[in-house]
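Working through the structure, step by step
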Amino acid sequence: MSAEESFRPSAGARLIDAISVQSQVAYGNVGNTIAVQVLQACGLQVAAVPTVILGNTPHYPTMHGGALPQDWFEGILDDLAAREAATRADLVLAGYLGSPAQGLALARWLDRVRVANPALGFQIDPVIGDRDTGVYTDPALIPVWRDALAPRAEGLTPNHFELEQLVGHTLPTLDACAQAAASLLNEVTRWVVVTSAAPDDCPGGRLQVLLLTREGSERIEHPHVPHPVKGTGDLFGALIAGRRARGVTLTEAVRRACDDTVAVLRHGQEKGWQELALPQAIARRLAD
C-alpha cells in the first residue's frame, strides 16, 4: 500500500465541510481570521487557504507580510484536492485575493474539482474596496472577479461600491442596484446580496441590504453602527455561508446575518475594541 493510499479517507467520509480562501492576519479579525471562527461556530469543519499573510490590516502605521507565492497558493489548493477535501466538501467561500493570478488559478481549480464534486457550492465576497476608501486591492482584480469568479459562484455578497465596480457605473438608487445585481445572475449564480446598498437612498441612521434572486428582490433594513473596525464584510459573508450550510433558507440567513453583525459591532463598541471579535453569546447561537 502506498503512502497516499494509507492516508486516503474511507468511502463517503467527509473530513472538511467548507474551504475558505481569504486573507489571514496575526492581529485583528478579517478574512479567514474571522470567517473560520464563524464557520466553526456553525459546526463546520474548515480548511483555511490564505491568500495573503499580514501582521495586521494596512490602516495601521506598520504592516509586514504579503501575498502568498503563487506556487504555494496553487499547491495548497492542489493538496486539498489530492486529500479529497475539495471533492467531498459542501462549500468554497472566497474573499480577499492577493493577485489576479490567484483569482484565475482559483477558477481553474474550481472547474477541476467540480468534475468530481459538481454539487460543490461557491460563494464569493468580491473584495475590491469601499465608498470611503475607494479601490484598495489591485484594480486588475475587478475583471477577474467579474469574468472568472462571479459566473462560477452560486452567490455573491458585494458592498454597494463593489457592485458599482463590477458593473462599471454608479448606482444612485435601490432600483439601480437591483438591476445591476440582476445582470450578474446566470445558470450558476442564483443570488446576490448587496450590503450598504444605495446609501444615499436610505433613512438616516440606517443601512439597507438588498437580497436579489431569480424570483425577485427584498430590502432588509438594519441600524447603522458607526465603528471603524475592519472585516465586517468577511463576517457577514461567513454568517450567511455557515447558516446556509446548516439548512437555513437564504432569506433567513441574510436577516440573521444582519442581526448578528449589528450585535457584534455594538458589543465591540461597548468593550472599546479596535478590532472585530466574535462574542461567545453570538457564537453559541450560531450553533442553534
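Before reading further, recall that the structure is shown in the block above.
Here the structure is a predicted model, which is why all the values come from computation and not from measurement. (Residues numbered from 1 in each chain as written. Predicted model: local features only at pLDDT ≥ 70, side-chain atom pairs only at ≥ 80, totals over all residues. Heavy atoms only, no water.)

Okay, the overall build of the chain next. A tally of regular secondary structure across the chain gives 11 helices and 11 strands. For 288 residues, the compact-globule estimate of 2.2 N^0.38 gives 19 Å, and the chain sits close to it at 18 Å. Along the first, second and third principal axes, the C-alpha atoms of the chain reach 65 × 40 × 40 Å. For the chain, with 288 residues in total, the buried portion stands at 52%. Considering only residue pairs separated by 6 or more positions, the chain has 68% of its internal contacts joining residues 24 or more positions apart. The average position of the 24 basic charges and that of the 32 acidic charges among the side chains of the chain differ by 5 Å. (Helix = DSSP H or I, 4+ residues; strand = E, 2+ residues; numbered from the N terminus. Rg over C-alpha atoms; globule rule 2.2 N^0.38 Å. Buried < 20%, exposed > 50% of the residue type's maximum accessible area, 1.4 Å probe, protein only. Contact = heavy atoms within 4.5 Å. Lys, Arg positive; Asp, Glu negative; His and termini not counted. Charge placed at Lys NZ, Arg CZ, Asp CG, Glu CD.)

What follows covers the pairing of strand S10 (residues 206-213). For S10, the buried fraction is high: 7 of the 8 residues fall into the buried class. Pairing of strand S9 (residues 191-194) with S10, which is carried by 4 bridges, proceeds in the antiparallel orientation. Across the sheet, residue valine 194 finds its bridge partner in S10, namely leucine 210. Once S10 ends, the chain turns through 2 residues before running back antiparallel as strand S11 (residues 216-223). (Pairing = 2+ DSSP bridges.)

We now examine the side chain of asparagine 117. Within the fold, asparagine 117 resides in the loop between helix H5 (100-116) and strand S5 (121-124). Asparagine 117 gets classed as buried once you look at its relative accessible area, which sits at 9%.

We now examine the packing of aromatic side chains. Inspection of every chain in the model, using the stated rule, returns 1 aromatic pair. With centroids separated by 5.9 Å and ring planes inclined at 70°, the aromatic side chains of tyrosine 27 and tyrosine 60 adopt a geometry described as edge-to-face. Taken together, the residues tyrosine 27 in the loop between strand S1 (18-25) and helix H2 (32-41) and tyrosine 60 in the loop between strand S2 (46-54) and strand S3 (65-67) connect sequence positions 33 residues apart. According to the relative accessible area criterion, tyrosine 27 is partly exposed, its value standing at 39%. The exposure class assigned to tyrosine 60 is buried, which follows from its relative accessible area of 19%. (Phe/Tyr/Trp six-rings, centres within 6.5 Å; stacked < 30°, edge-to-face > 60°.)

One finds Ile19, Phe122, Ile124 and Leu149 to be the most contacted residues of the largest nonpolar core, which totals 50 residues. Setting aside chain neighbours within four positions, we find phenylalanine 122 in contact with Leu91, Val92, Ala94, Leu106, Leu110, Arg114, Leu149, Arg152, Ala153, Glu154 and Gly155. If you look at the next biggest cluster of nonpolar residues, it comprises 37 residues, including Trp191, Ala241, Ala253 and Val264. (Core = buried A, V, L, I, M, F, W, Y, C linked by side-chain atoms within 4.5 Å.)

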